[in-house]
Amino acid sequence: ETTLARLGGGGPPPAAAAAAVAAEEEEDGERPLLPELSGTTQEELLSGSGALVYLREGPLTAPEAVMLMSLEERFRPRWQERGMEVRWMWLDLRAERKLKGVFDAPALPSAILLDPRGEAGNQPAYAAAVHREEDGEAQPVQAEEIELLLNTFLGGDATFVVVPPKRLHAWAPRRGGV
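Keep in mind it's a predicted model, so treat the numbers as computed, not measured.

Colleague: Sorry, what's going on with the overall build of the chain here?
Modeller: When you go through the chain residue by residue, the secondary structure sums to 6 helices and 7 strands. The helix and strand sequence of the chain, counted from the amino end, reads α-α-α-β-α-β-α-β-β-β-β-α-β. Per-residue burial for the chain yields a buried fraction of 42% across its 178 residues. In the chain, once contacts between residues fewer than 6 apart in sequence are set aside, the share between residues at least 24 apart is 72%. When the accessible surface of the chain is summed, it comes to about 9600 Å², and 50% of that surface belongs to carbon and sulfur atoms.

Colleague: Would you take a moment to explain the nonpolar core for this structure?
Modeller: Soluble globular proteins tend to pack their nonpolar side chains together in the buried interior. Leu 52, Tyr 54, Leu 68, Trp 88, Ile 146 and Leu 150 are the most contacted members of the largest nonpolar core, which has 25 residues in total. Every element with two or more residues in this core is listed here: strand E1 (50-56), helix H4 (62-81), strand E2 (86-92), strand E3 (110-115) and helix H6 (143-154). In terms of residue count, the dominant contributor to this core is H4 (7 residues). Residue contacts for Leu 52: discarding those within four places in its chain leaves Leu 68, Val 86, Arg 87, Trp 88, Met 89, Ile 112, Leu 113, Ile 146, Leu 149 and Leu 150.

Colleague: Just to check I follow, could you spell out the pairing of E3 for this structure?
Modeller: Each regular strand displays side chains that alternate between the two surfaces of the sheet. The element E3 is extensively covered by neighbouring structure, given that 5 of its 6 residues are classed as buried. Inspection of the sheet shows E3 paired to strand E4 (residues 125-128) by 4 bridges, in the antiparallel sense. Directly across from Leu 114, in E4, lies its bridge partner Tyr 126.

Colleague: Please clarify how the pairing of E2 should be interpreted in this entry.
Modeller: Counted residue by residue, E2 has 6 buried out of 7 residues, so it is predominantly covered. Of the pairings in the sheet, the one linking E1 to E2 comprises 7 bridges and is parallel in character. Counted as the bridge partner of Gly 50 is Val 86 from E2. Regarding the hand of the β-α-β motif, the stretch spanning E1, H4 and E2 is right-handed.

Colleague: Where do I start with the environment of Tyr 54 in this structure?
Modeller: The topology assignment puts Tyr 54 in strand E1. With 38 residues separating them in the primary sequence, Tyr 54 and Asp 92 have C-alpha atoms 8.7 Å apart.

Colleague: Quick question: what am I supposed to make of the pattern of salt bridges here?
Modeller: As a working rule, side chains carrying opposite charge can pair if their charged atoms are close by. The full count for this structure, using the stated rule, is 7 salt bridges. Between Lys 100 and Glu 57 there is a salt bridge; the shortest N-O distance is 2.6 Å. Highlighted residues: Lys 100 in helix H5 (residues 97-103) and Glu 57 in the loop between E1 and H4, separated in sequence by 43 residues. Given the relative accessible area of 37%, Lys 100 is considered partly exposed. For Arg 76, the salt bridge identified is with Glu 72, shortest N-O distance 2.5 Å. Here Glu 72 and Arg 76 lie together in helix H4, a separation of 4 residues that amounts to about one turn. Among the ionic contacts, a cluster of salt bridges with common partners joins Arg 132, Glu 134 and Glu 145.

About the cut-offs
Residues numbered from 1 in each chain as written. Predicted model: local features only at pLDDT ≥ 70, side-chain atom pairs only at ≥ 80, totals over all residues. Heavy atoms only, no water. Helix = DSSP H or I, 4+ residues; strand = E, 2+ residues; numbered from the N terminus. Buried < 20%, exposed > 50% of the residue type's maximum accessible area, 1.4 Å probe, protein only. Contact = heavy atoms within 4.5 Å. Areas by Shrake-Rupley, 256 points an atom, 1.4 Å probe, with all protein chains shown as cover. Core = buried A, V, L, I, M, F, W, Y, C linked by side-chain atoms within 4.5 Å. Pairing = 2+ DSSP bridges. Right-handed = clockwise from strand over helix to strand, strands pointing away. Salt bridge = Lys/Arg side-chain N within 4 Å of Asp/Glu carboxyl O.

Following this line, the structure appears as structure tokens:
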């Protein structure tokens, strides 16, 4: 049974239901709804062919996790058709301040598609979600902007920005090893 099925379907369920599933998974020793990208998890999480990284300041909220998991389930068949493994995760830019400048999001939350090795095999690169603007101000990304990023990539039109590998290894030390 998928996480979304336990939450009650494809539409965003109430935050309380998502929080209950997250708490249940922690009690059962399962991984959380969506793993956090950090210094201790980056090697494991970035070992696939790519990653969708949700950028935010502070912990991921239950409604955000549900939105991301809904998108992941909807796009999974398209990745599988292409033989790609795309892992979904989130990054706390309040804790990982040095990485905030690497991705230079115009507003938070934001999202990127990260290719940990890049086309040359040793040059990480990312494509960023396009943010809506209201009154000239970039707005936080929502499901629609993340979906546009994914469809742009799948259509072959995503523009990737190369990142020097050293800049992706500027992880902050964390208490408790996380």
